[in-house]
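Close look at the chain arrangement
Read off the chains here:
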Amino acid sequence: AKGFSSDAMALEDFPRRVAAGEPAAYYDVLMNSTSVGMVPNVEESPVPASGILPDTVVFDAVYNPLETSLLKLAKAKSCQCVGGAEMFVRQAAAQFKFWTGKEPPVDLMRKIVMSRLNPAPKD
């Protein structure tokens with residue numbers, strides 16, 4: 001964070017700082033890199049709705065489910081949301097390029113990941 005002239009905040013400090021209205025509670029990007037909200041605890045969110053600022057970027061590293069409770073709360077506040085599946089795909093693409101020296105088929109990789117994480121309903 002310091003390399004980008006920014007500040008990072010521990011999850012356990014977040015509710016207190018938001019409630020107190022401290023300057024560090026104002027942010028441009030909110031990132032969840034915990035497993036909170038992952039299957040089977042899909043109703044959980046690491047941040048309450050009151051801690052999500054409107055019109056910010058919210059990233060959740062969780063990719064199962066594709067749309068976590070955190071992302072649903074953020075979407076309701078007009079945030080730009082990025083889910084963990086995109087990170088999953090881009091990590092795979094970077095590894096592919098590193099090990100093969102070839103450009104990865106990112107669109108195909110994304111299509112496969114999304115089809116496995118969000119399978120079509122069975123009749």
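Everything quoted here is computed from the prediction, not taken from an experiment.

Brief notes about the overall build of the protein chain
Summing up its helical and strand segments, the protein chain has 4 helices and 3 strands in all. Here the protein chain holds 123 residues, and the buried ones make up 26% of them. Partitioning the contacts of the protein chain with sequence separation of at least 6, the portion at a separation of at least 24 is 49%. With an accessible surface of roughly 8,500 Å², the protein chain has 58% of that area assigned to carbon and sulfur atoms.

With respect to the sheet that holds strand β3 (residues 80-82)
Here we have 3 strands laid out as an open sheet, ordered β1-β2-β3, and parallel in their pairing. The outermost strands of the open sheet, each flanked by one partner alone, are β1 (29-32) and β3. Here the average twist between neighbouring strands, direction ignored, is 15°. Alignment of β1 against strand β2 (residues 57-60), held across 4 bridges, turns out to be parallel. Bridge pairing in β2 places Val29 opposite Val57. Contacting β1, β2 and β3, helix α2 (residues 69-76) crosses the sheet at an angle of about 170° to β2.

What to know about the confidence of the model for the protein chain
When pLDDT is averaged across the protein chain, the result is 87; 88% of the residues are at 70 or more. By mean pLDDT, helix α1 (residues 14-20) is the weakest element of the protein chain at 73, and α2 is the strongest at 97.

Some points on the packing of helix α3 (residues 84-100) against helix α4 (residues 106-117)
Helix packing geometry: the angle between the two helix axes and the distance between the axes. Two elements in contact, α3 and α4, have axes separated by 10 Å at closest approach and are oriented at 135°. Of the possible angle classes, the one that applies to α3 and α4 is oblique. The chirality of how α3 crosses α4 is right-handed. For the pair formed by α3 and α4, the contact residues are Ala85, Glu86, Phe88, Val89, Arg90, Ala92, Ala93 and Phe96 on the first element and Val106, Met109, Arg110, Val113, Met114 and Leu117 on the second. A breakdown of the residues in the contact of α3 with α4 according to their chemical character gives 11 nonpolar, no polar and 3 charged.

Examining the pattern of salt bridges
Applying the stated criterion to the full structure yields 5 salt bridges. In this structure, Lys75 engages Glu67 in a salt bridge whose closest nitrogen and oxygen atoms are separated by 3.5 Å. Lys75 sits in the exposed class, given a relative accessible area of 55%. The exposure class of Glu67 is partly exposed, given its relative accessible area of 34%. In this structure, Arg90 engages Glu86 in a salt bridge whose closest nitrogen and oxygen atoms are separated by 2.6 Å. Remark: Glu86 and Arg90 occur in helix α3; sequence separation between them is 4 residues, near one turn of the helix. By relative accessible area, which is 53% here, Arg90 ends up exposed.

Criteria and cut-off values
Residues numbered from 1 in each chain as written. Predicted model: local features only at pLDDT ≥ 70, side-chain atom pairs only at ≥ 80, totals over all residues. Heavy atoms only, no water. Helix = DSSP H or I, 4+ residues; strand = E, 2+ residues; numbered from the N terminus. Buried < 20%, exposed > 50% of the residue type's maximum accessible area, 1.4 Å probe, protein only. Contact = heavy atoms within 4.5 Å. Areas by Shrake-Rupley, 256 points an atom, 1.4 Å probe, with all protein chains shown as cover. Pairing = 2+ DSSP bridges. Axes fitted to C-alpha atoms, helices over the stretch in contact; angles between N-to-C directions. pLDDT = per-residue confidence, 0-100. Parallel < 35°, antiparallel > 145°, perpendicular 65-115°, else oblique. Left-handed = near helix turned anticlockwise from the far one by under 90°. Nonpolar A, V, L, I, M, F, W, Y, C, P; charged D, E, K, R; others polar. Salt bridge = Lys/Arg side-chain N within 4 Å of Asp/Glu carboxyl O.

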